[in-house]
Protein chains: 2
Amino acid sequence: MKAIIHINLKPGVLDPQGRTIARSLTHLGFDGVTAARQGKTIELDLKGEDKDAAETQVKDMCEKLLANTVIENYRIEIVE
Amino acid sequence: MKAIIHINLKPGVLDPQGRTIARSLTHLGFDGVTAARQGKTIELDLKGEDKDAAETQVKDMCEKLLANTVIENYRIEIVE
């Protein structure tokens, strides 16, 4: 089974990487970009076949290690 | 309009971040994780309403700046 975790900065948290991307794109001549935000994804291969148990465990992983819940939101997607 | 770009390492490219995540999860007691890979997402706010034109432009941005196409794959998703 696979789990995909989408981690993004919470609204209002300063995103210097996103600002740099937006500015660089404008400098390259892409005028249409008004804002950019960068996030990350973590894809996990998991043993077992129980989707609900997997989701509970991945949520625990996010809270303990993968996401910084003070400044980041996360969303879990279980596939297969 | 919004574009979300999903960027991942190509298969076979060494992913030290992913390996560190998998090892750390195992050390924390999560035995079910067999592999982990880390990717990134870039979310862009775009002017204009033409979806096809936006996709063409975002593809150009990926080739020129956002993705390192030697080692990374990207996927573009246009929303709204």
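First, a word on scope: everything that follows refers to the structure included in this document. (Residues numbered from 1 in each chain as written. Chains lettered and ligands numbered in written order. Predicted model: local features only at pLDDT ≥ 70, side-chain atom pairs only at ≥ 80, totals over all residues. Heavy atoms only, no water.)

### Quick word on the overall build of chain A
Item 1. The number of helices and strands found in chain A is two helices and three strands.
Item 2. The N-to-C order of helical and strand elements in chain A reads β-α-β-α-β.
Item 3. Relative to a compact globule of 80 residues, whose C-alpha radius of gyration would be 12 Å, chain A shows 16 Å and is clearly more extended.
Item 4. With respect to the principal axes defined by its C-alpha atoms, chain A has extents near 50 × 25 × 15 Å. (Helix = DSSP H or I, 4+ residues; strand = E, 2+ residues; numbered from the N terminus. Rg over C-alpha atoms; globule rule 2.2 N^0.38 Å.)

### Some details on the interface of chain B and chain A
Item 1. Taken together, the 30 residues of chain B in the interface contact 30 residues of chain A.
Item 2. With both chains or domains summed, chain B and chain A bury close to 2700 Å², and 60% of this area falls on carbon and sulfur atoms.
Item 3. When the buried area of chain B at its contact with chain A is split by residue, Phe30, Arg37 and Asp45 of chain B rank highest and sum to 22% of it.
Item 4. Counting across the chain B and chain A interface gives four salt bridges.
Item 5. The partner of glutamate 43 of chain B in a salt bridge is arginine 37 of chain A, with the nearest N and O atoms 2.9 Å apart.
Item 6. For the interface between chain B and chain A, the tally reads twelve residue pairs in polar contact (both at pLDDT 80 or more).
Item 7. Elements that contribute at least two residues to the side of chain B that touches chain A include exactly strand 1 (2-9), helix 1 (16-27), strand 2 (33-46) and helix 2 (51-66) of chain B. (Contact = heavy atoms within 4.5 Å. Buried area = accessible area lost by both parts, 1.4 Å probe. Salt bridge = Lys/Arg side-chain N within 4 Å of Asp/Glu carboxyl O. Polar contact = N/O pair within 3.5 Å; in protein donor to acceptor, adjacent residues only side chain to side chain.)

### Regarding the relation of the copies chain B and chain A
Item 1. Of the transformation superimposing chain B on chain A, the axial component is 0.0 Å and the angular component is 180°, with the fit at an RMSD of 0.0 Å. Both copies are brought into coincidence by an operation consistent with a two-fold rotation axis. Residue lysine 40 of chain B, judged by its C-alpha, is the member of chain B lying nearest the rotation axis, at 2.0 Å.
Item 2. Comparing interface residues between copies, 100% of those in chain B also sit at the interface in chain A, which points to an isologous, same-surface contact. (Least-squares fit on C-alpha atoms with pLDDT ≥ 70 in both.)

### Quick notes on the layout of surface pockets
Item 1. By volume, the largest pocket is sized at about 710 Å³.
Item 2. His6 and Thr41 of chain A together with Ile4, His6 and Thr41 of chain B are the residues nearest the centre of the largest pocket, which is lined by 36 residues in total.
Item 3. Of all the secondary structure elements, the ones that give two or more residues to the lining of the largest pocket are strand 1 (2-9), strand 2 (33-46) and strand 3 (72-79) of chain A together with strand 1, strand 2 and strand 3 (72-79) of chain B.
Item 4. Taken as a whole, the second largest pocket spans an internal volume of roughly 330 Å³.
Item 5. What lines the second largest pocket is a set of 19 residues, and nearest its centre among them are Gln38 and Lys40 of chain A together with Gln38, Gly39 and Lys40 of chain B.
Item 6. When residues of the lining of the second largest pocket are traced back to their parent elements, those giving at least two are strand 1, helix 1 (16-27) and strand 2 of chain A together with strand 1 and strand 2 of chain B.
Item 7. The class makeup of the residues in the lining of the second largest pocket is five nonpolar, eight polar and six charged. (1 Å grid on protein atoms, 1.4 Å probe; cavity = no way out; pocket = protein on both sides within 12 Å on 5 of 7 lines; lining within 4 Å. Points joined across faces, edges and corners; volume = space filled by probe spheres on them. Nonpolar A, V, L, I, M, F, W, Y, C, P; charged D, E, K, R; others polar.)

### Considering the side chain of aspartate 45 of chain B
Item 1. Position of aspartate 45 of chain B among the secondary structure elements: in strand 2.
Item 2. Within the local environment of aspartate 45 of chain B, its side chain forms a polar contact with the side chain of arginine 37 of chain A, the two groups lying 3.2 Å apart.
Item 3. Those residues within four positions of aspartate 45 of chain B in sequence are excluded, and the remaining contacts are Gly32, Val33, Thr34, Ala35 and Arg37 of chain A together with Met1 and Lys2 of chain B.

### A word on the packing of helix 2 (residues 51-66) of chain A against helix 1 of chain B
In a packed pair of helices, the relevant descriptors are the angle between the two axes and the axis-to-axis distance.
Item 1. Taken N-terminus to C-terminus, the directions of helix 2 of chain A and helix 1 of chain B make an angle of 105°; their axes are 11 Å apart at the nearest point. Judged by the angle between their axes, helix 2 of chain A and helix 1 of chain B are roughly perpendicular. In this structure, helix 2 of chain A uses Met61, Leu65 and Leu66 of chain A to contact helix 1 of chain B, whose residues at the interface are Ile21, Ser24 and Leu25 of chain B.
Item 2. Tallied by class, residues from the contact of helix 2 of chain A with helix 1 of chain B come to five nonpolar, one polar and no charged. (Axes fitted to C-alpha atoms, helices over the stretch in contact; angles between N-to-C directions. Parallel < 35°, antiparallel > 145°, perpendicular 65-115°, else oblique.)

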